[in-house]
Amino acid sequence: MIVGHENLIKHFKNLAERNALSHGYLFFGEPRVGKATIAAALANFLENGRFEKPDGLLADFLSVSPDENGAIGIDAARAIKEFLWRRPVKSGKRFVAISDAQAMTPQAQNALLKIAEEPPASALIVAVSPNAELLAPTLVSRFQKFHLSRVSDAQVAELAKSFGCDAKTAAQTAKKAAGRPGLAADFIQNGSFWLEAESLAKDFLKNAARRTFIASRLAEDEKLLDRFAEILLIYLRQNPIANLELTRSFLKRFSLIKQFNVNKRLQLEAAAAGDGR
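Residues numbered from 1 in each chain as written. Predicted model: local features only at pLDDT ≥ 70, side-chain atom pairs only at ≥ 80, totals over all residues. Heavy atoms only, no water.

### Some points on the side chain of Thr247
Where we set the bar: The numbering of helices and of strands both runs from the N terminus, where a helix is a DSSP run of H or I of at least 4 residues and a strand a run of E of at least 2. The buried label goes to any residue with under 20% of its type's maximum accessible area, the exposed label to any with over 50%, and the partly exposed label to all in between, with areas taken from a 1.4 Å probe on protein chains only. Any two residues whose heavy atoms approach within 4.5 Å are treated as being in contact.
Relative to the helices and strands, Thr247 is located in helix α12 (residues 244-259). For Thr247, a relative accessible area of 10% puts it in the buried group. The residues contacting Thr247, other than those within four sequence positions of it, are Leu233 and Leu236.

Encoded structure:
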């Protein structure tokens, strides 16, 4: 189920029907607003005529995402090149979607740049990233950029209802997800994990004496840390002016944790102290 982004969907349907698609696009915006879903739905539309997330594999679609180390390396770039140089089987395009494209190594970005400079006629690449500035400017210049924003609470609430939530729970889920349908779906499907993350986030903000213990717990569990970060930022943004410096500090530290091999516990403790250096 695609939530929101009606104008963007209409635009890409029109381009596809007029055979006017470019060779490459960059979808950027906050996590969980639907960027990767729209990319997969476009591939499904080109192959099967339905603008919806495909139920199974598509013949002319390759989805690329970071490996277990959080990187997209040169081998993935070579696989993209090999895939794109084959002839389409069912679609008019050989379609590659790259999730978390900012995770591409410099070598992988250079390789993708060469592909984008002289793409095969049937090639279509969609790179997905939270921020266009996280990619090399030379690579970004080869793609048409589209920003995907948050959707309305009403639309997210309808998504929650489709999972079986009653009206009250759906409204509460939509408010907490703050316009990000992917986050709302994760709340519903992985409730117990989110309850633990939410409990730790509340405790982390209110109880300075427990922050070292909580930071140690989070440093041991990457998935719990990711959910903790999502919940914590939701709480901080409820009062954006008062929490401005603390929000900046946490964003800085979470970015360091995701990009580099740093001591997670120490980074979390520094963020809690408001140290954004």
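That was the structure; now back to the text.
### Thoughts on helix α10 (residues 211-219)
Because each turn of an α-helix spans 3.6 residues, side chains separated by three or four positions end up pointing in the same direction. So the rule is basically this: Here the arc refers to the directions that run from the helix axis out to each C-beta atom.
Three or more residues of α10 are buried, namely Arg211, Ile214, Ala215 and Leu218. End-on, the buried residues of α10 take up no more than an arc of 100°, which puts them together on one face. In this structure, the buried side of α10 is in contact with α9 (191-206), α11 (222-236) and α13 (264-272).

### Here we look at the packing of aromatic side chains
Going by this rule: In this analysis, rings of Phe, Tyr and Trp, with Trp reduced to its six-membered ring, are considered paired at centre separations within 6.5 Å, and the interplanar angle assigns stacked below 30 degrees, edge-to-face beyond 60, and tilted for intermediate values. Here, a charge over a ring means that NZ of Lys or CZ of Arg falls within 6 Å of the ring centre while also lying within 35 degrees of the ring normal.
In total, this model carries 11 aromatic pairs according to the counting rule given. Judged by centre distance (5.0 Å) and plane angle (80°), the rings of Phe12 and Tyr25 are edge-to-face. Taken as a pair, Phe12 in helix α1 (residues 6-17) and Tyr25 in strand β1 (residues 24-28) lie far apart in primary sequence, 13 residues in all. Both residues of the pair, Phe12 and Tyr25, belong to the buried class. Through successive ring pairs, a cluster of aromatic residues spans Phe12, Tyr25, Phe27 and Phe146. A cation over a ring is seen here: Lys81 above Trp85, with NZ or CZ 5.8 Å from the ring centre. The ring of Phe187 has Lys176 lying over it, and the distance from NZ or CZ to the ring centre is 5.7 Å.

### A short note on the pattern of salt bridges
Put simply, the rule is: A side-chain nitrogen of Lys or Arg and a carboxyl oxygen of Asp or Glu constitute a salt bridge if their distance falls within 4 Å.
Within the structure shown, the criterion is met by 16 salt bridges. Between Arg94 and Asp60 there is a salt bridge, with its nearest N and O atoms 2.9 Å apart. Of this pair, Arg94 sits in strand β3 (residues 94-98) while Asp60 sits in the loop between α2 (35-48) and β2 (61-64); the two residues are 34 residues apart in sequence, bridging distant segments of the chain. Just as Arg94 is buried, Asp60 falls in that class too. Glu82 is paired through a salt bridge with Arg86; the nearest N and O atoms lie 3.0 Å apart. Salt bridges sharing common partners tie together Arg32, Arg180, Asp186, Arg227 and Glu230.

### Structural notes on the pairing of strand β4 (residues 123-129)
Regular strands have side chains that alternate between both faces of the sheet. This is how it is decided: Whether two strands pair depends on DSSP finding at least two bridges between them. Throughout, right-handed denotes a crossover for which the path from the first strand over the helix to the second runs clockwise when the strands point away from the viewer.
With seven of its seven residues buried, β4 lies for the most part within the structure. Burial along β4 is two-sided: the residues Ala123, Ile125, Ala127 and Ser129 and Leu124, Val126 and Val128 are all buried. The pairing of β3 with β4 spans five bridges and is classified as parallel. Within β4, the residue paired with Phe95 across the bridge is Leu124. As for the winding sense of the linkage, the β-α-β connection from β3 through helix α4 (residues 106-117) to β4 is right-handed.

### Observations regarding helix α7 (residues 167-177)
The test is simple: We define a polar contact as two N or O atoms separated by no more than 3.5 Å, with the added condition that, inside protein, one atom must be a possible hydrogen donor and the other a possible acceptor, whereas residues neighbouring each other in sequence contribute only through side-chain atom pairs.
Those residues of α7 lying buried are Ala170, Thr173, Ala174 and Ala177. Here the buried residues of α7 occupy an arc of 100° about the axis, which is enough to place them on one side. What points out from α7, more than 90 degrees from its buried face, is the exposed set Lys168 and Lys175. The secondary structure elements touched by the buried residues of α7 are α6 (153-162) and α8 (181-189). Its side-chain oxygen 3.2 Å from the backbone nitrogen of Lys168, Asp166 forms the N-cap of α7. Immediately beyond the C-terminal end of α7, within one or two residues, lies Ala178, with a positive phi of roughly 50°.

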